[in-house]
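Topology and contacts: notes
Residue-level listing of the chains:
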Amino acid sequence: MPSHYTTNMRFKFPILAICLEIIIIILFGVFVGYETNDGGSGHGHSGNDSVPDKFITPYPMFQDVHVMIFVGFGFLMTFLKRYGFTSVGINMLIAALGLQWGILMQGWWHSHSHSIKMTVLSMINADFSTATVLISFGAVLGKISPVQMLIMTIIEITIFATNEHLVVEILKASDVGASMTIHAFGAYFGLAVARVLYRSGLRNGHDNEGSVYHSDLFAMIGTLFLWMFWPSFNSAIADAGINQHRAIINTYLSLAACVLVAFAVSSLVQEKGKLDMVHIQNATLAGGVAVGTCADMNISPYGAMLIGFVAGSISTVGFKFLTPVLASKMKIQDTCGVHNLHGLPGLLGGIAGIIATSMGAKKGCSPTMQAAALASSVGVALVGGTLTGFLLKLPFWGQPPDQNCYDDSIYWEVPEEEEAHGGSAHGDQNTLKSDA
């Protein structure tokens, strides 16, 4: 087996993971403390709440977002028939590392002193930074090693935090539900990595690159968790009061409209009019992605529903027609179709934000700055993803060979294999008895 396909993780993975955790613990010891100031810190909520309420009020929103990160994203990627362990397990690994690193990166950018004061709101923002990596993970799912994912997590969150600071603090753009800074950024970062890591041996597909009945059912569980909690995702850092109220309602309506259109278009684009579970698992969520940028803006309920209508349409059409073109013509093997769920709806959300601000839907926001924020998010993602892809392409990260892609057994102890080995052992014993 070639040296660059040495997939044994016994030393390289534990050493890297433990070293990263030790470094993070040291950095937390030096820079991170509890928020105790009555005035609060961070961005998002404001008001004159009492001190106890101020610290605990965002916690229900945090719980919802946390479930989306660890359960929603994890189970959404379990559609691959032999890759469920990695989909859920490495999702948990990435999220645990990402939220710690995100607290540091975002804390350094948003802090006005040398120390980082933690609140529930900073935990929400850390989960948001982790979502960016999980979106990118979907583009390369099944084709990279756990070591590569640890490295990608550290690099991507660092670049994400920089771009977010540019968008929010310098350009002063509004992106409360992060259509641009999380969804578009994560999608195009992942697609850039996937392009650099293109595998010609997979151009005709792979036996394991598909689903079975129960794997699609598990993925649908992830869809339902994400769909139910998406209003919290889009409203968690909105200013408390009418803005947060609008963000919840707009997301709720956009998601509902998106579902009907996604089902309808899925049936329409299929020759026999049958529904495709891939479309239903993913395109039904596009409304939550697309309405994010203008979630807290005064776009009227019908405006939110219109965004969901368009998002469900373009997402479903993207899965049906655009994904094969990306693979065959542009050499981008997008495993989970993140371009259709996060990329295109993220662009739509950015454009909707430009239109909404030009119509005065939110005071103090400039359509020019909204456009600059969208361009920045996509541009930085493409450049950062490309550079990260070249780093991950180095031949000692334990990436799987083509024949072992989309297969848990290369990095996990899989019960079916143990049974097979057990059966083989019993067979050998029976053979010996027969010979005797």
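What comes next concerns the included structure.

Calculation rules
- In every chain, residue numbers begin from 1 and rise along the written sequence.
- Where totals are concerned, whole chains, interfaces and linings use all residues; where local detail is concerned, this predicted model gives features only for residues with pLDDT of at least 70, and gives and counts side-chain atom pairs only at 80 or more.
- Only hydrogens and water are removed before side-chain values are computed, so all heavy atoms of the structure are retained for them.
- The helix count covers DSSP runs of H or I at least four residues long, the strand count covers runs of E at least two residues long, and both are numbered beginning at the N terminus.
- A radius of gyration in this sense is built from C-alpha atoms; the matching globule rule multiplies 2.2 Å by the number of residues raised to 0.38.
- Partly exposed describes any residue whose relative accessible area lies between the buried limit of under 20% and the exposed limit of over 50%, with all areas from a 1.4 Å probe on protein chains only and scaled to the type maximum.
- Contacts: residue pairs with any heavy atoms within 4.5 Å of one another.
- Surface accessibility follows the Shrake-Rupley procedure with a 1.4 Å probe radius. Residue values consider only the protein chains on display as shielding.
- Working convention for charge: Lys and Arg count positive, Asp and Glu count negative, and His plus the chain ends are omitted.
- By convention, charge coordinates are those of NZ in Lys, CZ in Arg, CG in Asp, or CD in Glu.
- To estimate how far a helix should extend, the number of its residues minus one is multiplied by 1.5 Å.
- What the bend at a residue measures is the angle between two axes, fitted to the seven residues ending there and to the seven starting there.
- Two N or O atoms form a polar contact when they lie within 3.5 Å of each other; inside protein one atom must be a possible hydrogen donor and the other a possible acceptor, and for residues adjacent in sequence the pair counts only when both atoms belong to side chains.
- Aromatic contacts are taken between Phe, Tyr and Trp rings whose centres are within 6.5 Å, Trp giving its six-membered ring; a plane angle under 30 degrees counts as stacked, one over 60 as edge-to-face, and the others as tilted.
- The term salt bridge refers to a side-chain nitrogen of Lys or Arg lying within 4 Å of a carboxyl oxygen of Asp or Glu.
- By definition, no residue in a patch forms a salt bridge, and every one has over 30% relative accessible area; like charges are joined within 9 Å, nonpolar side chains (Val, Leu, Ile, Met, Phe, Trp, Tyr) within 5 Å.
- Orientation is described by lines fitted to C-alpha atoms, with helices fitted over the stretch in contact, and by angles between N-to-C directions that extend from 0 to 180 degrees.
- The scheme is simple: roughly parallel for angles under 35 degrees, roughly antiparallel for over 145, roughly perpendicular for 65 to 115, oblique for anything else.
- Here a crossing is taken to be left-handed if its near helix is turned anticlockwise relative to the far helix by less than a right angle, and right-handed if that turn runs clockwise.
- Each residue is assigned to one class: nonpolar for Ala, Val, Leu, Ile, Met, Phe, Trp, Tyr, Cys and Pro, charged for Asp, Glu, Lys and Arg, and polar for all the others, Gly among them.

The subject of this paragraph is the overall build of the protein. Secondary structure assignment for the protein yields 15 helices and two strands. Computed over C-alpha atoms, the radius of gyration of the protein comes to 22 Å, within 12% of the 22 Å expected from 2.2 N^0.38 for 436 residues, which places it in the range of a compact globule. Based on the C-alpha atoms only, the size of the protein along its principal axes is roughly 85 × 60 × 35 Å. Classification of the 436 residues of the protein by burial places 52% in the buried group. A separation of at least 24 residues holds for 83% of the contacts in the protein among residues at least 6 apart in sequence. Carbon and sulfur atoms make up 66% of the accessible area of the protein, which totals about 19,300 Å². Positive and negative charge centroids in the protein, built from 21 and 29 side chains respectively, lie 9 Å apart.

Here we come to helix H3 (residues 59-76). Structural remark: α-helix, 3.6 residues per turn; residues separated by three or four positions point the same way. An ideal rise of 1.5 Å per residue puts 26 Å on 18 residues; H3 measures up with 24 Å between its terminal C-alpha atoms. Its maximal kink placed at Met68, H3 deviates by approximately 35°. For H3, the full list of buried residues reads Met61, Phe62, Asp64, Val65, Met68, Ile69, Gly72, Phe73, Gly74 and Leu76. Buried residues along H3 sit in contact with helix H4 (84-110), helix H5 (120-140), helix H8 (213-235), helix H9 (242-269), helix H10 (277-283) and helix H13 (338-358).

Glancing now at the side chain of Gln106. Positionally, Gln106 belongs in helix H4. Note on Gln106: relative accessible area 6%, which makes it buried. Separated by 3.0 Å, the side chains of Gln106 and Glu164 make a polar contact. Once residues within four sequence positions are removed from consideration, Gln106 is found in contact with Asn125, Ala126, Ser129, Phe160, Ala161 and Glu164.

Our focus in this paragraph is the packing of aromatic side chains. Summed over the entire model, instances satisfying the criterion amount to ten aromatic pairs. Where Phe75 meets Phe218, the ring centres are 6.1 Å apart and the plane angle is 25°; that geometry is what we call stacked. Placement of Phe75 in helix H3 and of Phe218 in helix H8 is noted, with a sequence separation of 143 residues between them. Owing to a relative accessible area of 41%, Phe218 belongs among the partly exposed residues under this scheme. Both rings, one in Phe128 and one in Phe233, keep their centres 4.6 Å apart while their planes meet at 50°; by these two values the pair is tilted. Of this pair, Phe128 sits in helix H5 while Phe233 sits in helix H8, placing them 105 residues apart in sequence. For Phe233, a relative accessible area of 1% gives the class buried.

Attention now moves to the pattern of salt bridges. Scanning all chains against the criterion turns up three salt bridges. Across the pair Lys362 and Asp296 runs a salt bridge, and its minimum N-O distance is 2.7 Å. Taken together, the residues Lys362 in the loop between H13 and helix H14 (367-392) and Asp296 in the loop between helix H11 (286-290) and helix H12 (300-329) connect sequence positions 66 residues apart.

On to a positive patch on the surface. A contiguous patch of positive charge on the surface is contributed by Arg195, Arg203, Lys331 and Lys393. With respect to the helices and strands, Lys331 occurs in the loop between H12 and H13. Classification of Lys331 as partly exposed rests on a relative accessible area of 38%.

Turning to the environment of Met68, a few remarks are in order. Mapped onto the elements, Met68 comes out in helix H3. Note on Met68: relative accessible area 1%, which makes it buried. Considered as a pair, Met68 and Trp230 are 162 residues apart in the sequence and their alpha carbons are 8.0 Å apart. Once residues within four sequence positions are removed from consideration, Met68 is found in contact with Phe73, Phe225, Leu226, Phe229, Trp230 and Phe233.

Let us look at the side chain of Asp216. Here Asp216 lies in helix H8. The buried charged residue Asp216 lacks any salt bridge partner; its closest oppositely charged side chain belongs to Lys81, at an N-O distance of 11 Å. A distance of 2.8 Å separates a polar atom in the side chain of Asp216 from a polar atom in the side chain of Ser211. Once residues within four sequence positions are removed from consideration, Asp216 is found in contact with Phe79, Ser211, Met277 and Gln281.

Attention now moves to the packing of H5 against helix H6 (residues 146-170). Taken N-terminus to C-terminus, the directions of H5 and H6 make an angle of 130°; their axes are 9 Å apart at the nearest point. With respect to H6, the axis of H5 lies oblique. The hand of the H5/H6 crossing is right-handed. Touching Ser129, Thr130, Thr132, Val133, Ser136, Phe137 and Val140 of H5 are Met149, Met152, Thr153, Glu156, Ile157 and Phe160, all from H6. Looking at side-chain class alone, the contact of H5 with H6 contains seven nonpolar, five polar and one charged residues.

Here the focus is unusual backbone geometry. Located in the positive-phi region is Ser300, a residue other than glycine, with phi close to 70°. Position of Ser300 among the secondary structure elements: in helix H12. The phi torsion at Tyr406 lies on the positive side, around 60°, for a residue other than glycine. With respect to the element layout, Tyr406 can be found in the loop between H14 and helix H15 (415-435).

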